[in-house]
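For reference, the chains in residue letters:
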Amino acid sequence: MPSILPSFHPSVVPCGAGSRAVKRVLIANRGEIACRIIRACHEEGIEAVAVYSEADRQSPHVRAADTAVEIGPPPAKDSYLNVDRLLGAARHSGADAVHPGYGFLAERAHFAEAVEQAGLTFIGPPAAAIRAMGEKTEARRRMAAAGIPVVPGTNDPVRDAAEASQVAREIGFPVMLKAVAGGGGKGMRRVEDSSGIASAFKAASSEAQSAFGDGAIYLEKFLECPRHVEIQVLADRFGHCVHLGERECSVQRRHQKLIEECPSPAVDIDLRIAMGKAAVQAATSVGYLGAGTVEFLLTPGGRFYFLEMNTRLQVEHPVTEMVYGVDIVREQLRIAAGESTTVPGRPMRPRGHAIECRITSEDPFNGFLPATGRIEFLRIPTGPGVRWDGGIETGNTIGLFYDPLIGKLIAWGETRDRAIRRMRRALDELVIVGLPTSQPFHRRVLDDPVFLSGDYDTDYVQRHGEKLLSTRPARETLELAAIAAAMAEHEARAAAVPIAANGPDAAGESPWLRAARLQGLR
Ligand code: MV4
């Protein structure tokens, strides 16, 4: 129980269950987020149980945990998405709580219910809150009723192309068709005028049907050049619901975020207060608990509109943690255990600026094509204001079964400019050998005048990406990578087979050049 409760609090009586045992947490996830959650558990004196697929036996999250349970073959549906296997692992390991991380089952209401029905604590919001926000028209109805600005449009699905056409004329073109069961861009179509609406409706509906098993479509007015700005919220069982300011997530490509910042260059103190209030209202109105994120579209004119709520921990949570000095995963664990959030009721002030680059195994010089292979060498940046949230190490292989995130590089500085300089320095320290990564793309964005100005929107990568990637990396970069590869190879062999790192092999090829060739660099 908290020792001090702010006096404005509606109630000091926890709603729902009081304190719950959270002594051993099963993490129903993998990679960097599993490692991140394990760290928070250990800082709280909580035991961590990892689960892993056959493809992840060598993964760092398995060794970082106190115990680990193999749950099945590599395909996610047979392992990380298999509720029975996960609950079996929880029972077998004596876990009392389950943290879903992000992705996989994190926003599936039926999983939250199954966890609770098994007598375990779900480290996340109630299933009802997940459900309310998962259905986009239901979320729009509830938000509108709670007085939160939603994009003009329909709060119910449209029956057919004819109704879509009529509604679109009322709203005014251009419009956006969206999947009721959607989120993240699937089943979404921009329509310019009435001539395009019938075919767009059919395409969106069938895409939604195959992606979500639900072809229902609704309409919104299309907002031009919006920024994607989201508010972090925390809600506990004592009626505290607080926000931790915004994150700017407009640097994204095909709905995959690449860079996030806190605070947003487009948000001043007044807008933060207004958006924060709306986000807290959104969370409160669905009986939210734990950490969540309310996404908004911010127009060039400074108006904001509710887009959707993510009812989970997000990939980009570290930028908020660094600027607000709050460990969001620790807050999740406290709230799940029936304790209060440590965040004061009065909104906190941001301190400095943080930027996150998602380092993925994708080749920016080849349309961000996902790459597979072995991490031959990994040098992780360190030093003042730098954080690496990773879940992969030298010797691990990256396949196509899971998402391509290698790790997140986060830099903090007193100002946006200091954070940018630090991120450049950190990106220059980062060495990944073995497969192409998004690293060079990030390094170029951090020199781009448009990004530096802060005046960018969700069209940024589409508009400026090609220009940034028009030249291949400099020869020196390739040589540095090749040298690192040779060092890694040398280290691996040193014990068994002494090799002359500066001498040619039997075929007359130097290890540097050979390493570069094996990487496809020459
Ligand atoms: C929009 C929009 C413009 N107008 N809705 C994309 C993902 C999905 N969650 C919502 N998205 C958008 N909805 C209206 N009425 C523009 C986008 C959008 C977008 C939103 C957030 C971040 C990046 C984006 C990239 C392209 C389009």
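In the block above lies the structure referred to throughout.
Now for a quick tour of the structure. (Residues numbered from 1 in each chain as written. Predicted model: local features only at pLDDT ≥ 70, side-chain atom pairs only at ≥ 80, totals over all residues. Heavy atoms only, no water.)

## Details of the packing of helix α4 (residues 109-117) against helix α5 (residues 127-134)
Describing two packed helices takes the angle between their axes plus the distance from one axis to the other.
(1) Moving on: Interhelical geometry of α4 versus α5 gives an angle of 175 degrees and a closest axis separation of 8 Å. Relative to α5, the element α4 is oriented roughly antiparallel. Two secondary-structure elements touch here, α4 through Ala109, His110, Ala112 and Glu113 and α5 through Ala127, Ile130 and Arg131.
(2) Moving on: Looking at the contact of α4 with α5 residue by residue, the classes come out as four nonpolar, one polar and two charged. (Axes fitted to C-alpha atoms, helices over the stretch in contact; angles between N-to-C directions. Helix = DSSP H or I, 4+ residues; strand = E, 2+ residues; numbered from the N terminus. Parallel < 35°, antiparallel > 145°, perpendicular 65-115°, else oblique. Contact = heavy atoms within 4.5 Å. Nonpolar A, V, L, I, M, F, W, Y, C, P; charged D, E, K, R; others polar.)

## Let's talk about the site of the ligand
(1) Moving on: Around the ligand sit 17 residues, and of these Lys178, Glu220, Lys221, Leu223 and His228 come closest.
(2) Moving on: In the model, a nitrogen atom of the ligand is placed 2.7 Å from a nitrogen or oxygen of the Lys221 main chain.
(3) Moving on: A distance of 2.9 Å separates a nitrogen atom of the ligand from a polar backbone atom of Leu223.
(4) Moving on: Protein chains shield 90% of the accessible area of the ligand, which is 520 Å² for the free molecule.
(5) Moving on: For the shell around the ligand, the secondary-structure elements that each account for two or more residues are β6 (175-179), β8 (217-221) and β13 (304-310).
(6) Moving on: Residues that form the shell around the ligand fall into these classes: seven nonpolar, six polar and four charged.
(7) Moving on: A domain-level breakdown of the shell around the ligand finds at least three residues from each of domain 2 (152-221) and domain 3 (223-351). (Near = heavy atom within 4 Å. Polar contact = N/O pair within 3.5 Å; in protein donor to acceptor, adjacent residues only side chain to side chain. Areas by Shrake-Rupley, 256 points an atom, 1.4 Å probe, with all protein chains shown as cover. Domains from an automatic or database assignment.)

## As for the sheet that holds strand β7 (residues 189-191)
(1) Moving on: Taken in spatial order, the three strands line up as β7-β6-β8 in an open sheet, and their pairing is antiparallel. The sheet is open, and its two edges are formed by β7 and β8, each paired on a single side. Sheet twist, expressed as the mean angle between neighbouring strand axes with direction ignored, is 30 degrees.
(2) Moving on: The sheet contact formed by β6 and β7 spans three bridges and is antiparallel. Note that in β7 the partner of Leu177 across the bridge is Arg189.
(3) Moving on: Sheet contacts for helix α6 (residues 136-145): β6 and β8; angle to β8, the most-contacted strand, approximately 45 degrees.
(4) Moving on: The strands touched by helix α8 (residues 197-212) are β6, β7 and β8; relative to β6, the strand with the most contacts, the crossing angle is about 25 degrees. (Pairing = 2+ DSSP bridges.)

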